[in-house]
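Observations on the three-dimensional arrangement
What follows is the residue order along each chain.
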Protein chains: 2
Amino acid sequence: MSYITLAHGSGGLETSEIVNMLLFRKVPDKLKLIQGGLGIDFPDDAAAIPISDGKFIVITMDSYTVNPPFFPGGDIGKLAACGSINDVLMLGGKPIAIMDSIVVEEGFPIDQLEKIINSFMNVIKDEDIALIGGDFKVMPKGQIDKIVITTVGIGITDKLIIDRNVKPGDKIIVSDYIGDHGAVIMIMQQGIGVEETKLTSDVKSLTRLMIPLIEKYGDYIHAARDPTRGGVAMALNDWAKASNTVIIIDEKKIPIREEVASYSSMLGIDPLYLACEGVALLAIDNEVADEVVEFMHKLGFKNARVIGEVKKSEKLSGIVLYRSAVGGLRILEPPRGELVPRIC
Amino acid sequence: MSYITLAHGSGGLETSEIVNMLLFRKVPDKLKLIQGGLGIDFPDDAAAIPISDGKFIVITMDSYTVNPPFFPGGDIGKLAACGSINDVLMLGGKPIAIMDSIVVEEGFPIDQLEKIINSFMNVIKDEDIALIGGDFKVMPKGQIDKIVITTVGIGITDKLIIDRNVKPGDKIIVSDYIGDHGAVIMIMQQGIGVEETKLTSDVKSLTRLMIPLIEKYGDYIHAARDPTRGGVAMALNDWAKASNTVIIIDEKKIPIREEVASYSSMLGIDPLYLACEGVALLAIDNEVADEVVEFMHKLGFKNARVIGEVKKSEKLSGIVLYRSAVGGLRILEPPRGELVPRIC
């Protein structure tokens, strides 16, 4: 008999495999999407339902299980709001509403729950997003660890940004330092360096970046992702596969904080596999790539930069390559195995 | 310091209180709904977002934690699909799509997970509903008990059925025997009478009832609910409060199976507080009430019947009254305290 392992939930290859095996392949093609929209035919950050006038409702759903629920730079409430807002944005949607379902352990302190909910609320009030529904359940002590929040983000758009539209010639851009969230949670979970670290999670809503960017450069944004579970490595591998391209990124150009780099190297983990919770990864038409980076700087994302490019290749189609600082190319595999449980 | 109790999750008064205190009252009025739609301004089974041509997208979200995950008549997969489909129907929506997020315990047998997912799939395939997205997470052993499934149901309608539209003169109708699901789960959880019981959960999708009913009698259905957590008692109390009416129901008329009645009486629980997972509770315009019951019988719901009526009363507004079989009226309070944890 086979059993579920932590690797099945890591957001890497094993997650794709089990979800495909148990779920996706059992759904008849016509039930994988609403005709004209986007569903599990090409799994992305969110789904889309066509409404009239060429518009779409964008809907995303994520369960947040982060452990610990409070961490430097945020908590599970802030994460549950920002994560779902960002997923709507990455499909090109303007977030308009949110729903959340809270499952909490009997005995959880109400003041801590209030703190978590306040963090959630502060985000949606800041962003002028409506809270239109949800659910609330309690599980007996010992049957759930603290709290799990599932959030539904709802947005509207007249143009979807879809993974498979990545094109040869595109430049790959990140909006900020990568891996901060993943590193902070690992530090907290392992209890090593908790006192001395100055690192905070990068968890934040990306509306202030994505809304103006979509408005000004909508037609040039070929793909967008917030690289959470599985990090930049997973997102780029998804893109290369979905678009039948090869993506080459450059170690020297990837913005990584000193502390994230040294912590990763200590644990033997590539920071490209670490979750980000407030970073946009973009595939931008070469024609405007430098202009877009400059625009991102002006919007306050001063660490934004080009980290790689997309090429056409018959032989290496679907592959991500990584040019190391000392030269030489190697394949950047999609994440596999158990990374960090309950990272988001 | 105060702590979360099982009563907070029972779906009764304490649930309303804590959700109000921590969530609803902190949301500014303009962020309680999408303008023209329905949100937490008047919490119902689902929310609604207006799209063009007077149509609405109906969205519902529920976390299913039922314990045990397999029970006579169904499992958590069937429950997670039917429960969300029914919530969409009860707001007048035609279910078109579903999303689900599975959080499962490390070590959970994959064949059991497959069985659960197959049950989920069988429902949505039967109902021709698209699966358009979701999430999949694993929590380490001992951090979650078996499995929690959160489902989002999505539907479309041009007429919402809303709790507060219950009107004096309306007849209260149930579509079937009440309390079967709640009784089965209690029997399983308590381990008393498991071998001898012939009872099965009533979990089922109500599309075959609600779609024709809405088509034929849409304007006469003033309110609809599937009375899950908190049972018929909670739903009727919500209606009485939302519509400022008094609702009077008649013990003699309520369809309850012999076994549910005797089990409830043994445990000192009123079956009106037990969860149903495949029963519609309706407030129907008096003009067509008998005709509607007959139509329900023709649709195969042969136990459907009128169980009470709605009246206007200045003094008793917001109250539910219960006429016992031996005569005499008493107040049917909304459920309070810890009923059954993880009933759905």
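Per chain, the residues get numbers from 1 upward, laid out in the order the sequence is written. Whichever chain is written first becomes A and whichever ligand is written first becomes 1, with later ones labelled in order. Where totals are concerned, whole chains, interfaces and linings use all residues; where local detail is concerned, this predicted model gives features only for residues with pLDDT of at least 70, and gives and counts side-chain atom pairs only at 80 or more. As a rule here, side-chain values cover all heavy atoms of the structure and leave hydrogens and water aside.

**Overview of the side chain of B:T207**
Residues and elements named next belong to chain B. Among the secondary structure elements, T207 is positioned in helix α5 (residues 207-217). Side chain to side chain, T207 and S205 meet in a polar contact 3.2 Å long. Pairs of residues are marked as contacts when any of their non-hydrogen atoms sit within 4.5 Å. With residues near it in sequence (within four places) discarded, T207 still touches I85, L89, P95, E127 and P212. The secondary structure listing takes helices from DSSP runs of H or I that are at least 4 residues long and strands from runs of E that are at least 2 residues long, numbered from the N terminus. The term polar contact refers here to a pair of N or O atoms within 3.5 Å; inside protein, the definition further demands a hydrogen-donor-capable atom paired with an acceptor-capable atom, and it admits residues adjacent in sequence only when both atoms are side-chain atoms.

**Quick look at a negative patch on the surface**
A patch consists of residues exposed above 30% relative accessible area that lack any salt bridge, with like charges linked at up to 9 Å and nonpolar side chains (Val, Leu, Ile, Met, Phe, Trp, Tyr) linked at up to 5 Å. Using a 1.4 Å probe, accessible areas were evaluated by the Shrake-Rupley method; residue-level cover was limited to the displayed protein chains. For this analysis, a salt bridge means a side-chain nitrogen from Lys or Arg found within 4 Å of a carboxyl oxygen belonging to Asp or Glu. His residues and chain termini do not enter the charge count, which takes Lys and Arg as positive and Asp and Glu as negative. The atoms used to mark charge sites are NZ of Lys, CZ of Arg, CG of Asp and CD of Glu. Taken together, the side chains of A:E287, A:D290, A:E291 and A:E294 define an acidic patch exposed on the protein surface. Tracing the backbone through its elements, the reader meets A:E294 in helix α8 (residues 289-298).

**Here we look at the sheet that holds strand β1 (residues 47-50) of chain A**
All names here are of chain A. Strands sit in the order β1-β2-β7-β5-β6 across an open sheet of five strands; the sheet is mixed. Unpaired on one side and paired on the other, β1 and β6 (130-139) mark the two borders of the sheet. Strand-to-strand twist across the sheet, computed as the mean angle between neighbouring axes with direction ignored, equals 15°. Bridge count for strand β2 (residues 56-64) against strand β7 (residues 147-157) is nine bridges, and the pairing is antiparallel. Residue pairing for β7: S63 is matched across the bridge by T150. In short, DSSP must find at least two bridges between two strands for them to pair. Between N-to-C directions, angles span 0 to 180 degrees; the directions come from axes that are lines fitted to C-alpha atoms, helices contributing only their stretch in contact.

**Topic: the packing of helix α1 (residues 13-22) of chain A against helix α3 (residues 110-127) of chain B**
Between α1(A) and α3(B), the least distance of the axes is 10 Å, while the angle of their chain directions is 50°. One finds that α1(A) runs oblique with respect to α3(B). When α1(A) is examined against α3(B), the residues A:I18, A:M21 and A:L22 are found in contact with a partner set consisting of B:I110, B:L113, B:E114 and B:I117. A class-by-class count of the residues in the contact of α1(A) with α3(B) yields six nonpolar, no polar and one charged. With respect to orientation, any angle under 35 degrees is reported as roughly parallel, any angle over 145 as roughly antiparallel, any angle of 65 to 115 as roughly perpendicular, and every other angle as oblique. The classification used treats Ala, Val, Leu, Ile, Met, Phe, Trp, Tyr, Cys and Pro as nonpolar, Asp, Glu, Lys and Arg as charged, and all other residues, Gly among them, as polar.

**Considerations on helix α1 (residues 13-22) of chain B**
Burial classes follow relative accessibility: with a 1.4 Å probe on protein chains only, a residue under 20% of its type's maximum area counts as buried, one over 50% as exposed, and anything between as partly exposed. Within the span of α1(B), buried status applies to B:L13, B:E14, B:T15, B:I18, B:V19 and B:L22. Lining the buried residues of α1(B) we find α3 (110-127) and β6 of chain A.

**Topic: the relation of the copies chain B and chain A**
The copies were overlaid by least squares, fitting only the C-alpha atoms of residues that reach a pLDDT of 70 or more in each copy. Rotating chain B by 180° about the axis while translating it 0.0 Å along that axis superimposes it on chain A, leaving an RMSD of 0.0 Å. Such values leave the two copies arranged in the relation of a two-fold axis. By C-alpha distance to the rotation axis, the residue of chain B lying nearest is B:I144, at 2.1 Å. A shared interface surface links the copies, since 100% of the contact residues of chain B are contact residues in chain A too.

**Quick notes on the environment of B:F24**
All names here are of chain B. Assignment of secondary structure puts F24 in the loop between α1 and β1 (47-50). In this structure the C-alpha to C-alpha distance between F24 and I40, which are 16 residues apart in sequence, comes to 6.9 Å. With near-sequence residues (within four places) excluded, F24 lies in contact with V19, K32, I40 and P43.

**Concerning helix α4 (residues 180-190) of chain B**
Residues and elements named next belong to chain B. By the criterion of burial, α4 is predominantly enclosed, with eight of the 11 residues buried. Buried within α4 are the following residues: D180, H181, G182, A183, V184, I185, M186 and I187. Those residues of α4 hidden inside the fold are in contact with β3 (70-71), α2 (76-90) and α7 (258-267).

**Focus: the sheet that holds strand β6 (residues 130-139) of chain B**
All names here are of chain B. If you walk across this open sheet you meet the five strands as β1-β2-β7-β5-β6, and the pairing is mixed. The outermost strands of the open sheet, each flanked by one partner alone, are β1 and β6. Averaged over all neighbouring strand pairs, the angle between strand axes comes to 15°, with direction disregarded. The pairing of strand β5 (residues 94-105) with strand β7 (residues 147-157) spans 10 bridges and is classified as antiparallel. Paired with V104 across the strands is I147, a residue of β7. Docked against the sheet, α3 engages β5, β6 and β7, running at close to 175° with respect to β5.

**A short note on the pattern of salt bridges**
Pairing between side chains of opposite charge can happen when their charged atoms approach one another. Evaluation of the coordinates by the stated rule reveals 34 salt bridges over all chains. In this structure, the salt-bridge partner of A:D163 is A:R225, at a minimum N-O distance of 2.8 Å. Taken as a pair, A:D163 in the loop between β7 and β8 (171-174) and A:R225 in strand β9 (residues 221-225) lie far apart in primary sequence, 62 residues in all. The exposure class of A:R225 is buried, given its relative accessible area of 9%. In this structure, B:K311 engages B:E309 in a salt bridge whose closest nitrogen and oxygen atoms are separated by 4.0 Å.

**Quick notes on the domain arrangement of chain A**
Residue and element names in this part refer to chain A. Either an automatic procedure or a domain database provided the assignment from which the domain bounds are taken. Here chain A is described as being made up of domain 1 (33-157) and domain 2 (163-331). Placing the centre of domain 1 and that of domain 2 at their C-alpha centroids yields a distance of 23 Å. Contacts between domain 1 and domain 2 engage 27 residues on the former and 25 residues on the latter. On the domain 1 side of the interface with domain 2, the three residues burying the most area are P72, L89 and M90, jointly 28% of the side's total. Our enumeration of links across domain 1 and domain 2 arrives at one salt bridge. Here E127 makes a salt bridge to R208, at a shortest N to O gap of 3.0 Å. Across the domain 1-domain 2 interface, the total number found is eight residue pairs in polar contact (both at pLDDT 80 or more). The set of elements that each furnish at least two residues to the side of domain 1 that touches domain 2 consists of β3 (70-71), α2 (76-90), β5 (94-105) and α3. Looking at the side of domain 1 that touches domain 2 element by element, the count peaks at nine residues for α2. Split by residue class, the side of domain 1 that touches domain 2 holds 14 nonpolar, six polar and seven charged. Two parts placed together each lose some accessible area under a 1.4 Å probe, and adding up what both lose gives the buried area.

**Points about the packing of aromatic side chains**
Each aromatic ring pair is characterised by the separation of its centres together with the angle its planes make. Residues and elements named next belong to chain A. For this analysis, a ring pair means two rings from Phe, Tyr or Trp (six-membered ring only for Trp) whose centres lie within 6.5 Å, classed as stacked if their planes differ by under 30 degrees, edge-to-face if by over 60, and tilted for the remaining angles. Applying the stated criterion across every chain, the model contains two aromatic pairs over all chains. Relative to F295, the ring of Y217 lies with its centre 5.6 Å away and its plane at 70°, an arrangement referred to as edge-to-face. Here the residue Y217 occupies a position in helix α5 (residues 207-217), and F295 occupies one in helix α8, the gap between them amounting to 78 residues. Residue F295 is classed as buried on the basis of its relative accessible area of 15%.

**Quick word on the interface of chain B and chain A**
The interface of chain B with chain A comprises 86 residues on the first partner and 86 residues on the second. Buried area between chain B and chain A, both sides added, is near 7000 Å², and the carbon and sulfur share of it is 71%. Connecting chain B to chain A are six salt bridges. With a shortest N-O distance of 2.9 Å, B:D135 and A:R229 are connected by a salt bridge. Our count for the contact surface shared by chain B and chain A stands at 32 residue pairs in polar contact (both at pLDDT 80 or more). Going through the elements one at a time, α1, β1, β2 (56-64), β5, α3, β6 and β7 of chain B are the ones with two or more residues in the side of chain B that touches chain A.

**What to know about unusual backbone geometry**
Going from A:N67 to A:P68, the amide bond is cis rather than trans, its omega being 5°. With respect to the helices and strands, A:P68 occurs in the loop between β2 and β3. The backbone phi angle of A:N244 is positive, close to 55°, even though this residue is not glycine. With respect to the helices, strands and loops of the structure, A:N244 is situated in the loop between α6 (231-243) and β10 (246-250). Take A:N244: its relative accessible area is 53%, and that puts it in the exposed class. Within the chain, B:K146 stands out as a residue other than glycine whose phi angle is a positive 70°. Counting through the fold element by element, B:K146 comes out in the loop between β6 and β7. Judged by relative accessible area, B:K146 falls into the partly exposed class, the value being 29%.

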